[in-house]
Protein chains: 2
Amino acid sequence: MVPYKTYLSESEMPTQWYNMRADMKNKPAPLLNPGTLQPMTAQELSGVFCEELVKQELDNDTPYIDIPKEICDFYRMYRPSPLVRAYCLEKALGTPARIYYKFEGNNTSGSHKLNSAIAQAYYAKKQGLKGVTTETGAGQWGTALSMACAYLGLDCKVYMVKVSYEQKPFRREVMRTYGASVTPSPSETTNVGRKILAEHPGTTGSLGCAISEAVEAATSTEGYRYVLGSVLNQVVLHQSIIGLESKLAFDKIGEKPDIIIGCAGGGSNLGGLIAPFMGQKLRGEADYKIIAVEPASCPSFTRGKFAYDFCDTGMVCPLAKMYTLGSGFIPSANHAGGLRYHGMSSILSQLYHDGLMEATSVEQTSVFEAATQFARVEGILPAPESSHAIKVAIDEALKCKETGEEKTIFFGLTGTGYFDMVAYQKFNDGEMSDYIPTDDDLAVGLSKLPKVE
Amino acid sequence: MVPYKTYLSESEMPTQWYNMRADMKNKPAPLLNPGTLQPMTAQELSGVFCEELVKQELDNDTPYIDIPKEICDFYRMYRPSPLVRAYCLEKALGTPARIYYKFEGNNTSGSHKLNSAIAQAYYAKKQGLKGVTTETGAGQWGTALSMACAYLGLDCKVYMVKVSYEQKPFRREVMRTYGASVTPSPSETTNVGRKILAEHPGTTGSLGCAISEAVEAATSTEGYRYVLGSVLNQVVLHQSIIGLESKLAFDKIGEKPDIIIGCAGGGSNLGGLIAPFMGQKLRGEADYKIIAVEPASCPSFTRGKFAYDFCDTGMVCPLAKMYTLGSGFIPSANHAGGLRYHGMSSILSQLYHDGLMEATSVEQTSVFEAATQFARVEGILPAPESSHAIKVAIDEALKCKETGEEKTIFFGLTGTGYFDMVAYQKFNDGEMSDYIPTDDDLAVGLSKLPKVE
């Protein structure tokens, strides 16, 4: 019998990240300089990012990149994460499907975000920097970065999307406990923040706004660089640890997933989760049905355009070619803060464009129904973001129940919902509603995409 | 090199609990009927507790008791818990000591409480009951019981100490998400609650009050029984899984602790953590220095009396012989809700009385200093309760630094502090103070101990 939880031993843990780009026929399009609309050079990027991270950002060729020993040591504090067989969920659903999930929530950041936070903080420290700035949505990335910086002795300034700052005061305290400073965004502390506040008074903010502020804070302060928890190629690279561990664990128990499901905001979890499986698919060694799940309120893949766009609302960052709703799109205040981003990783966007994966969107009340059902039988109270994947995993398992197919369904349980109890309370009280933008709502953002050949 | 985390495989997990009482020369004194002051019979106890649990409560002879398969299955959802080598803390302290901790926080209840919750809920279900009632302090026990009841389909009514109910609204929502009803205690819903409110208007409650209310609610409702998360012999029995796993893991890595440290409120964690080690000590097979750590604001071991006392404030429950501050003692509103109990497990009280373990008390500001230091280097944000053990583990490690001794220090990290951010915020803002009762404060409770020969 397959155990409930499969752990690798520490000696079995991967010591290299896997870079999907090396196996992609159609490489992701390069970042463009917002002024010249020419591909960003390493030199231009190094004003914003650490040098080693710039190398990783631009490297479309090296398939495996060594994980520095110091990062491996940090990983050992909270990794490997378990590959869990969801026996109780299977039983509750009465499905012949076998359901597995990779649980990334067993660390204080509450999510997979720590995997890239420690890497980015490590390279900043190695370069002799004083500190880093960043944005955070649900607070998971900010917490993760605070933890990594506390461990390494780096200063950490976090711009937190205002709606999350208000919904999650305790996240702020976790970050403060780890020594970070936390500012609600948009704020009066940056030029771009003041501009956004003037144009959208009363806005609850977005990841796009917070990114603009954090970039400005980094580039205007000596000894600081900006770090980002999603979207970038380097982040997808670091997060490949999720998929690599999963693949090794599946091999260990002699199992192979048929369907792989991940929630998608900027793409950090999904990109990491699918990495080695997509690698096999790209090399023609195996096939998997891969499904990205996004919130109906912020549907970049399913209703956005594949085009060059600004990564941030303030239009100070480079442009990326991606599925986007427009950098001016500010999603409604739904409860999956980590998925409220207008765009999507360029790598994932290219893969989706090339038909190598599917995408679907789900509404938040159905997501919380799935989350509650999951919590009651599997024990773990999931993050709203992760619950998007749970919802679709349950749907797929119920399809198997109808057809009698014994598929192996694998999803990423990116984190826990312990700091999302305002959202759960709304759901428990029957006060949660769904927000689906109309075509007209979306047209506003999409009509303002920059003109790039 | 010893790994950062040692996990048993699921097949190596213990399938029996260990009952320390079987090896104790001086058995813990029996519970007394509050009316007759005679030892409680099985029949009397079965009005309050399930039958199987009554058997376990009274069994002073059987050393090993089988864990039912259904409970083993549930344990596999979140156990084994890791035995962690605190390499980073050792390095930060510059100590030659080797520090280990057993981390029980990797489940949604956030603590070790789930180990007994599932056992008690299972036996209630097996007996065909409709539901159970209980009290909760910090909220960890209530959450654990809610999870166990949701899994088994039992109704769950929780009386939550008012100070925690107010400090931890999100705990309440977690319990509601798992389908439990939650009432702040003291409340107007019971006779005893109304009486306590009349005598102490404005009280922030205590575990003792909440127990009285939960017992009244259980005994006055058909098909319900009361369950308790600490103090009782049966709870210490179930929690022995912590120590048993730890012992197996130590054996696996060829290590043996010199000092074992656990926080002590009612004794559930400490009793479970030390069980097999104390067993060796009782049988003369090995020796360990064992330290109970309690809050200076609620010092049952270090400043209480070893005497028969009521287990609850309302004086409706049986009397237990234990170290107690008097059932009328209502501790000040410190931030380790789980340790705010006037008494202590009869088993642990007897062991302490017999000189088989030591006890010390620590002040909460020093506890939060230790918690923050630990969080920053070891990653995990600890519960205030657990941090009492961290504080003393650090002190012991620093003693080793002075003497150069390479001792092996082992402590119980009972849980996470994710729902304790109000307390961390107070500490971060420099607004936390210490509450140490004067001898006169303590005399009030101690002078009212019942007269028992």
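Criteria and cut-off values
Residues numbered from 1 in each chain as written. Chains lettered and ligands numbered in written order. Predicted model: local features only at pLDDT ≥ 70, side-chain atom pairs only at ≥ 80, totals over all residues. Heavy atoms only, no water. Phe/Tyr/Trp six-rings, centres within 6.5 Å; stacked < 30°, edge-to-face > 60°. Helix = DSSP H or I, 4+ residues; strand = E, 2+ residues; numbered from the N terminus. Buried < 20%, exposed > 50% of the residue type's maximum accessible area, 1.4 Å probe, protein only. Lys NZ or Arg CZ within 6 Å of the ring centre and 35° of its normal. Contact = heavy atoms within 4.5 Å. Buried area = accessible area lost by both parts, 1.4 Å probe. Salt bridge = Lys/Arg side-chain N within 4 Å of Asp/Glu carboxyl O. Polar contact = N/O pair within 3.5 Å; in protein donor to acceptor, adjacent residues only side chain to side chain. Domains from an automatic or database assignment. Pairing = 2+ DSSP bridges. Axes fitted to C-alpha atoms, helices over the stretch in contact; angles between N-to-C directions. Core = buried A, V, L, I, M, F, W, Y, C linked by side-chain atoms within 4.5 Å.

Digging into the packing of aromatic side chains
For step 1, the next point in the chain: Taken as a whole and judged by the stated rule, the model has 47 aromatic pairs over all chains.
For step 2, the next point in the chain: Residues Phe250(B) and Phe277(B) carry aromatic rings whose centres are separated by 6.5 Å and whose planes lie at 80° to one another, so their mutual orientation is edge-to-face. With a gap of 27 residues between them, Phe250(B) in helix 11 (residues 233-253) and Phe277(B) in helix 12 (residues 268-282) connect regions that are remote in the sequence. Side by side, Phe250(B) and Phe277(B) carry an identical accessibility label, which is buried.
For step 3, the next point in the chain: One aromatic cluster is present, built from ring pairs that chain together Tyr100(A), Phe250(A), Phe277(A), Tyr288(A) and Phe410(A).
For step 4, the next point in the chain: In this structure, Arg172(A) is placed above the aromatic ring of Tyr165(A), and the distance from its NZ or CZ to the ring centre is 5.3 Å.

Observations regarding the interface of chain B and chain A
Interface extent is often summarised as the accessible area lost during association of the parts.
For step 1, the next point in the chain: In this assembly, 42 residues from chain B lie in contact with 42 residues from chain A.
For step 2, the next point in the chain: Of the roughly 4,000 Å² buried at the junction of chain B and chain A (both faces included), carbon and sulfur atoms supply 57%.
For step 3, the next point in the chain: In this structure, the connection of chain B to chain A is made through four salt bridges.
For step 4, the next point in the chain: The interface formed by chain B and chain A contains 27 residue pairs in polar contact (both at pLDDT 80 or more).

Regarding the domain arrangement of chain A
Residue and element names in this part refer to chain A.
For step 1, the next point in the chain: Domains assigned within chain A are domain 1 (5-9 + 78-110 + 240-446) and domain 2 (20-67 + 113-226).
For step 2, the next point in the chain: Computed over C-alpha atoms only, the centres of domain 1 and domain 2 are separated by 22 Å.
For step 3, the next point in the chain: At the interface, 48 residues of domain 1 touch 45 residues of domain 2.
For step 4, the next point in the chain: Interface area, domain 1 with domain 2, both sides summed: about 3,800 Å², of which 64% is carbon and sulfur.
For step 5, the next point in the chain: For the interface between domain 1 and domain 2, the tally reads two salt bridges.
For step 6, the next point in the chain: The shortest N-O distance in the salt bridge between Arg283 and Asp23 comes to 3.0 Å.

Quick notes on the environment of Leu398(A)
Residues and elements named next belong to chain A.
For step 1, the next point in the chain: Tracing the backbone shows Leu398 in helix 16 (residues 384-403).
For step 2, the next point in the chain: Given a relative accessible area of 35%, Leu398 falls into the partly exposed group.
For step 3, the next point in the chain: Residues Leu398 and Glu90, spaced 308 residues apart in sequence, show a C-alpha to C-alpha distance of 9.6 Å.

With respect to the sheet that holds strand 5 (residues 98-103) of chain A
Residues and elements named next belong to chain A.
For step 1, the next point in the chain: Spatially, the seven strands line up as an open sheet ordered 1-4-5-15-10-11-14, and their pairing is mixed. Edge positions in the sheet fall to strand 1 (5-6) and strand 14 (358-362), since each has one partner strand and no second.
For step 2, the next point in the chain: Two strands pair when backbone bridges link them, and strand 10 (residues 259-263) and strand 11 (residues 289-295) are joined in this way by five bridges, in the parallel orientation. Bridging across to strand 11, Ile259 finds its partner in Lys289.
For step 3, the next point in the chain: The sheet contacts of helix 12 (residues 268-282) involve strand 5, strand 10, strand 11 and strand 15 (408-413), and relative to strand 10 the element is tilted by about 155°.

Describing the pattern of salt bridges
For step 1, the next point in the chain: If you walk through the whole model with that rule in mind, you get 52 salt bridges over all chains.
For step 2, the next point in the chain: Several salt bridges share partner residues, and in doing so they unite Arg79(A), Lys102(A), Glu104(A) and Glu245(A) into one network.

A few points about the sheet that holds strand 1 (residues 5-6) of chain B
All names here are of chain B.
For step 1, the next point in the chain: Spatially, 1-4-5-15-10-11-14 is the arrangement adopted by the seven strands of the open sheet, whose pairing is mixed. Here the strands that pair on one side only, and so sit at the sheet edges, are strand 1 and strand 14 (358-362).
For step 2, the next point in the chain: Note that strand 1 and strand 4 (residues 83-85) share two bridges and pair antiparallel. Within the sheet, the bridge partner assigned to Lys5 lies in strand 4 and is Val84.
For step 3, the next point in the chain: Across the sheet, helix 11 is in contact with strand 1, strand 4, strand 5 (98-103) and strand 15 (408-413); its angle to strand 5 comes to roughly 140°.
For step 4, the next point in the chain: Taken strand by strand, helix 15 (residues 364-378) contacts strand 4, strand 5, strand 14 and strand 15, and its axis lies near 95° from that of strand 14.

Considering the nonpolar core
For step 1, the next point in the chain: In this structure, Met357(A) and Met357(B) are the most contacted members of the largest nonpolar core, which totals 242 residues.
For step 2, the next point in the chain: Excluding its chain neighbours within four sequence positions, the residues that come into contact with Met357(B) are Leu270(B), Ile274(B), Met278(B), Ile290(B), Ala292(B), Phe301(B), Leu348(B), Leu351(B) and Tyr352(B).

Some thoughts on helix 8 (residues 169-177) of chain A
Residue and element names in this part refer to chain A.
For step 1, the next point in the chain: The buried fraction of helix 8 is high, at seven of nine residues.
For step 2, the next point in the chain: Buried within helix 8 we find Phe170, Arg171, Arg172, Glu173, Val174, Met175 and Thr177.
For step 3, the next point in the chain: Phi for Gly179, located one or two positions after helix 8, is positive at around 90°.

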